[in-house]
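# Overview (structure and organization)
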Amino acid sequence: MPRPRCCRRIAGEPACRVFKPAGIPASTLEEVVLSLEEYETLRLADHEGLYQEAAAERMGVSRQTFGRAIASARGKVARALVLGCVLRIEVPEAEAGPTMRDFLCSACGHAWQEPFGTGRPKACPACGADEFHRAGCTGNASPCGHAK
Ligand SMILES: [Zn+2]
């Protein structure tokens with residue numbers, strides 16, 4: 001399978017999108033916004049401990065692009081820690097879409113989930129019939145907000 005070059009790959013959403021100093025109203029705090037890409041550089045290089053070259057490859061970006069993104073990310077995180085800012089990770093809607101697809105078998109009524117990007121399942125895992133259909137999306141506020 002050829003590797004897509006257009007999209008920067010992000011493994012997943014952050015566990016928490018907003019980090020706020022305790023005991024201070026958010027309205028009085030400066031906000032630092034980290035892009036999802038910047039967050040991913042920190043996750044791969046500083047959390048998983050990958051070399052920048054390997055991490056850049058994992059994300060499908062050049063070593064230079066990765067270097068710029070992580071420098072910016074580290075600067076922002078440092079600023080938030082030192083000055084006591086709200087740190088927000090901006091997750092674009094397309095990235096924040098559902099990660100699982102629901103399927104429903106019309107033969108036996110079995111419902112199950114498959115992750116995105118794995119292609120259409122061949123048969124119902126319960127009865128083996130191929131009479132099944134997508135039963136909508138999960139994990140998003142909109143009924144079907146996933147990117148085409
Ligand atoms: Zn079935």
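Everything below is about the structure printed above this text.
Residues numbered from 1 in each chain as written. Predicted model: local features only at pLDDT ≥ 70, side-chain atom pairs only at ≥ 80, totals over all residues. Heavy atoms only, no water.

## Quick notes on the nonpolar core
The biggest cluster of nonpolar side chains holds 19 residues, and the ones touching the most others in it are Leu-34, Phe-66 and Ile-89. Secondary structure elements with two or more residues in this core: strand 2 (31–35), helix 1 (36–47), helix 2 (52–59), helix 3 (63–83) and strand 3 (86–90). Looking at this core, the element that brings in the most residues is helix 1, giving five residues. Beyond its immediate chain neighbours, meaning those up to four positions away, Ile-89 contacts Pro-14, Cys-16, Arg-17, Phe-19, Leu-34, Ser-35, Leu-36 and Tyr-39. Formed by six residues, the second largest nonpolar core is a distinct cluster that contains Phe-103, Cys-105, Trp-112 and Ala-129. (Core = buried A, V, L, I, M, F, W, Y, C linked by side-chain atoms within 4.5 Å. Buried < 20%, exposed > 50% of the residue type's maximum accessible area, 1.4 Å probe, protein only. Helix = DSSP H or I, 4+ residues; strand = E, 2+ residues; numbered from the N terminus. Contact = heavy atoms within 4.5 Å.)

## Some points on the sheet that holds strand 2
Reading across from one edge, 1-3-2 is the order of the three strands in this open sheet, with mixed pairing throughout. Each of the sheet's edge strands pairs with one partner strand only, and the pair in question is strand 1 (18–19) and strand 2. Sheet topology note: the strand 1/strand 3 ladder contains two bridges and is antiparallel. Opposite Phe-19, over in strand 3, you have Leu-87 as the bridge partner. In this fold helix 1 packs onto strand 2 and strand 3, with an angle of close to 75 degrees to the strand it touches most, strand 2. Each of strand 2 and strand 3 touches helix 3; the most contacted strand, strand 2, lies at about 155 degrees to it. (Pairing = 2+ DSSP bridges. Axes fitted to C-alpha atoms, helices over the stretch in contact; angles between N-to-C directions.)

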